[in-house]
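These are the residues of each chain, in order.
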Amino acid sequence: MPLALLALAVGAFGIGTTEFVIMGLLPEVADDLHVSIPTAGHLVSAYALGVVIGAPLLAAVTARLSRRTVLIGLMVLFVAGNALSALAPGYDSLLVARFLSGLPHGAFFGVGAVVATTMVAPERKARSVSLMFLGLTVANIVGVPAATLMGQHLGWRATFLAVSVIGLAAIASLALLIPHDHAHAPTVGLRREMAALRSLPVWLALGTTVAGFGALFSAYSYITPMLTDAAGFADGSVTLLLALFGVGATAGNLVGGRLADHSLRGTLFGGLVSLAAVLALFPLLMTTEWSAALAVVLLGVAAFVTGSPLQLMVMEKAAAGPSLASSANQAAFNLANAGGAWIGGLALAAGFGATSPALAGAVLAVLGLGVAATAWSVDRRRAVPGRERVVAAHVPEQAPALHP
């Protein structure tokens with residue numbers, strides 16, 4: 001694997017840290033800016049909105065630029081957003097800064113995934129994507145807990161300044177490690193990128209992402225009350241248990257990348273089935289502390305086994321113009337975050353019990369499996385006779401825009 005993947009992982013580490021750390025610092029931010037915690041919670045939504053809007057928008061407007069230049073520019077915007085967050089004089093300005101911080105998120109992962117796959121042999125594409133995502137999962141083990149502790153002891157503004165420094169390190173890494181040979185401007189342009197996004201298989205792949213990761217966030221958004229109310233953990237133990245989720249996510253990400261290089265569709269189906277099974281078992285697993293801890297790890301593994309396959313599937317189905325579709329998949333991840341949390345909340349509000357969001361997530365995982373099966377059926381009907389592919393792209397294959 002090329003060393004340049006390390007630069008993408010550093011950027012992913014910074015993005016993962018800033019995305020999730022705000023959740024642990026809401027009390028400090030609310031107290032300092034004299035707002036309620038629910039009002040401070042809108043900062044989470046502002047970031048997610050920035051991701052959903054910025055992912056396709058920035059990928060589209062930068063379609064003819066060198067991907068190396070685009071990645072560096074996105075990290076510059078990331079640094080600016082986090083620095084403005086640290087310096088925000090009030091709640092409204094912080095809300096705007098968090099929105100700006102979210103804008104480069106999806107486009108960075110989308111364009112980064114395209115760059116990662118063009119620097120390796122075809123049989124290593126999924127592993128290259130998983131190594132980029134490794135920065136995101138490791139952020140949940142190291143970056144978020146460390147940044148949260150920093151914010152609690154030095155103030156929340158120090159956290160965002162530290163994240164800005166990580167962004168500067170990512171910029172330096174991208175400039176040093178991604179050679180110009182891998183960074184020529186793509187020849188497809190915006191029109192080809194938009195045409196690829198009109199494909200039915202692409203939208204089925206995006207729908208699989210929304211349903212599959214909606215299953216994860218339906219449960220994960222309410223994991224704290226499950227652990228405290230159902231499993232009986234003390235509040236102070238939750239941070240360690242969330243780190244265990246990060247360990248499971250990291251393992252699942254690496255395993256999924258390796259398996260997907262052998263069978264992309266098989267890994268995706270297996271991951272969704274495993275996710276549905278784990279979530280369906282949550283009411284049983286949340287009855288004791290040891291089994292609840294195991295459930296948290298298994299949730300991370302099962303969910304992130306599908307991460308790289310989903311990203312690569314979207315890119316292959318939009319082979320004629322993958323950057324915009326790849327970035328749109330990141331917007332789909334964040335729609336899954338919002339939608340899954342909403343559906344899990346409905347289950348809780350209906351009085352079905354502390355573990356009911358997990359059962360709702362199991363239903364979403366089955367729905368994702370159904371969408372994936374529909375995509376498979378469409379692929380088979382469109383497949384060229386006598387030719388086998390792990391995932392059919394159904395767009396005329398072209399040489400990648402970037403060559404090793």
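Residues numbered from 1 in each chain as written. Predicted model: local features only at pLDDT ≥ 70, side-chain atom pairs only at ≥ 80, totals over all residues. Heavy atoms only, no water.

Enquirer: How would you sum up the overall build of the protein? Please name residues and give values.
Expert: Each helix and strand in the protein was counted, giving 17 helices and 0 strands. Counting every position in the protein, which comprises 404 residues, the buried fraction comes to 56%. Within the protein, residue pairs in contact and separated by at least 24 positions form 84% of the contacts whose partners lie at least 6 positions apart. Surface summary for the protein: the accessible area is close to 15,800 Å², and the carbon and sulfur share equals 70%. (Helix = DSSP H or I, 4+ residues; strand = E, 2+ residues; numbered from the N terminus. Buried < 20%, exposed > 50% of the residue type's maximum accessible area, 1.4 Å probe, protein only. Contact = heavy atoms within 4.5 Å. Areas by Shrake-Rupley, 256 points an atom, 1.4 Å probe, with all protein chains shown as cover.)

Enquirer: Report on a nonpolar patch on the surface, specifying residues and quantitative values.
Expert: On the surface, a nonpolar cluster with roughly 350 Å² of combined accessible area is contributed by Leu49, Ile53, Leu57 and Val61. With respect to the helices and strands, the residue Leu49 is situated in helix H3 (residues 42–61). (Patch = residues over 30% accessible without salt bridge, like charges linked within 9 Å, V, L, I, M, F, W, Y side chains within 5 Å. Salt bridge = Lys/Arg side-chain N within 4 Å of Asp/Glu carboxyl O.)

Enquirer: Explain the packing of helix H5 (residues 91–118) against helix H6 (residues 125–154) to me, using residue names and the numbers behind them.
Expert: Close contact between H5 and H6 brings their axes to 8 Å; oriented N to C, the two are set at 140 degrees. In terms of their interaxial angle, H5 and H6 are classed as oblique. With respect to the hand of their crossing, H5 and H6 are arranged in right-handed fashion. When H5 is examined against H6, the residues Phe109, Gly112, Ala113, Ala116 and Thr117 are found in contact with a partner set consisting of Lys125, Ser128, Val129, Met132, Phe133 and Leu136. Residue classes in the contact of H5 with H6 are distributed as 7 nonpolar, 3 polar and 1 charged. (Axes fitted to C-alpha atoms, helices over the stretch in contact; angles between N-to-C directions. Parallel < 35°, antiparallel > 145°, perpendicular 65-115°, else oblique. Left-handed = near helix turned anticlockwise from the far one by under 90°. Nonpolar A, V, L, I, M, F, W, Y, C, P; charged D, E, K, R; others polar.)

Enquirer: Give me the lowdown on empty space enclosed by the protein, citing residues and values where you can.
Expert: Using the criterion set out here, one finds 3 cavities of 30 Å³ or more in the structure. Within this model, the largest cavity holds a volume of roughly 310 Å³. Forming the boundary of the largest cavity are 19 residues, of which Leu136, Phe213, Phe217, Phe304 and Phe333 lie nearest the centre. Looking at the lining of the largest cavity, the elements that each hand over two or more residues are helix H1 (4–33), H6, helix H9 (200–220), helix H11 (238–260), helix H15 (307–317) and helix H16 (322–349). Of the residues contributing to the lining of the largest cavity, the split by class is 10 nonpolar, 8 polar and 1 charged. (1 Å grid on protein atoms, 1.4 Å probe; cavity = no way out; pocket = protein on both sides within 12 Å on 5 of 7 lines; lining within 4 Å. Points joined across faces, edges and corners; volume = space filled by probe spheres on them.)

Enquirer: Describe the layout of surface pockets, listing the residues and the values that go with them.
Expert: The volume enclosed by the largest pocket comes to roughly 960 Å³. Around the largest pocket, the lining comprises 32 residues; the ones closest to its centre are Phe20, Met23, Gly24, Tyr220 and Leu242. At the level of secondary structure, the elements contributing two or more residues to the lining of the largest pocket comprise H1, H3, H6, H9, helix H10 (223–230), H11 and H16. Looking at the lining of the largest pocket element by element, the count peaks at 6 residues for H1. Here the lining of the largest pocket is built from residues that sort into 19 nonpolar, 11 polar and 2 charged.

Enquirer: Report on the packing of H16 against helix H17 (residues 356–382), specifying residues and quantitative values.
Expert: Contact geometry of H16 with H17 gives a least axis separation of 8 Å together with a crossing angle of 135 degrees. In terms of their interaxial angle, H16 and H17 are classed as oblique. Crossing of H16 against H17: the hand is right-handed. The segment H16 lies against H17, with Ile343, Gly344, Ala347 and Leu348 engaging Ser356, Pro357, Ala360 and Leu364. A breakdown of the residues in the contact of H16 with H17 according to their chemical character gives 6 nonpolar, 2 polar and no charged.

Enquirer: Report on the pattern of salt bridges, specifying residues and quantitative values.
Expert: Any two side chains of opposite charge can pair, given that their charged atoms come close. Per the counting criterion, the structure on display carries 2 salt bridges. The shortest N-O distance in the salt bridge between Arg157 and Asp32 comes to 3.8 Å. Separated by 125 residues along the polypeptide, Arg157 in helix H7 (residues 156–177) and Asp32 in helix H1 bring together distant segments of the chain. When its relative accessible area of 37% is taken as the criterion, Asp32 is described as partly exposed.

Enquirer: Could you give an account of unusual backbone geometry, naming the residues involved and the relevant values?
Expert: Located in the positive-phi region is His34, a residue other than glycine, with phi close to 60 degrees. You can see His34 is positioned in the loop between H1 and helix H2 (37–40).

Enquirer: So what's going on with the confidence of the model for the protein? Residues and values would help.
Expert: In the predicted model, the protein carries a mean pLDDT of 83, and the fraction of residues at 70 or more is 89%. Mean pLDDT values for the elements of the protein range from 66 in helix H8 (residues 189–197) up to 94 in helix H13 (residues 282–285). With pLDDT under 50 throughout, residues 384–404 is counted as low confidence; its partners more than four residues away or in other chains account for 45 contacts. (pLDDT = per-residue confidence, 0-100.)

Enquirer: Run through the side chain of Gln330, naming residues and quoting values.
Expert: Mapped onto the elements, Gln330 comes out in helix H16. The class of Gln330 is buried, set by a relative accessible area of 4%. Not counting residues within four places of it along the chain, the set of residues in contact with Gln330 comprises Val51, His105, Gly106, Phe109, Gly110, Phe133 and Gln311.

Enquirer: Could you give an account of the nonpolar core, with specific residues and numbers?
Expert: What tends to happen in soluble globular proteins is that the nonpolar side chains get buried as a cluster. If you look at the biggest cluster of nonpolar residues, it comprises 90 residues, and the most contacted ones within it are Leu8, Leu174, Leu216, Phe282 and Met286. Apart from the residues lying within four places of it in its own chain, the contact partners of Leu8 are Leu71, Phe108, Gly112, Ala116, Met132, Leu174 and Ile178. With 16 residues, the next largest nonpolar core counts Leu33, Ala40, Trp156 and Phe160 among its residues. (Core = buried A, V, L, I, M, F, W, Y, C linked by side-chain atoms within 4.5 Å.)

Enquirer: With reference to specific residues and values, describe the packing of aromatic side chains.
Expert: Under the criterion given, the structure shown has 8 aromatic pairs. Joined through ring pairs, the aromatic side chains of Phe213, Tyr220, Phe245, Phe304 and Phe333 make up one cluster. (Phe/Tyr/Trp six-rings, centres within 6.5 Å; stacked < 30°, edge-to-face > 60°.)

Enquirer: Can you break down the environment of Ala30 residue by residue, with the values?
Expert: Position of Ala30 among the secondary structure elements: in helix H1. As a C-alpha pair, Ala30 and Tyr91 span 61 residues in sequence and 8.7 Å in three-dimensional space.

Enquirer: Which residues make up H9, and what are the values?
Expert: Taking 1.5 Å per residue, 21 residues should reach 30 Å; H9 reaches 30 Å between its end C-alpha atoms and fits that length. The sharpest bend along H9 reaches about 25 degrees and sits at Gly214. Of all 21 residues in H9, 17 are buried, a share of seventy percent or more. (Expected span 1.5 Å × (residues − 1). Bend = angle between axes of the 7 residues up to and from the residue.)

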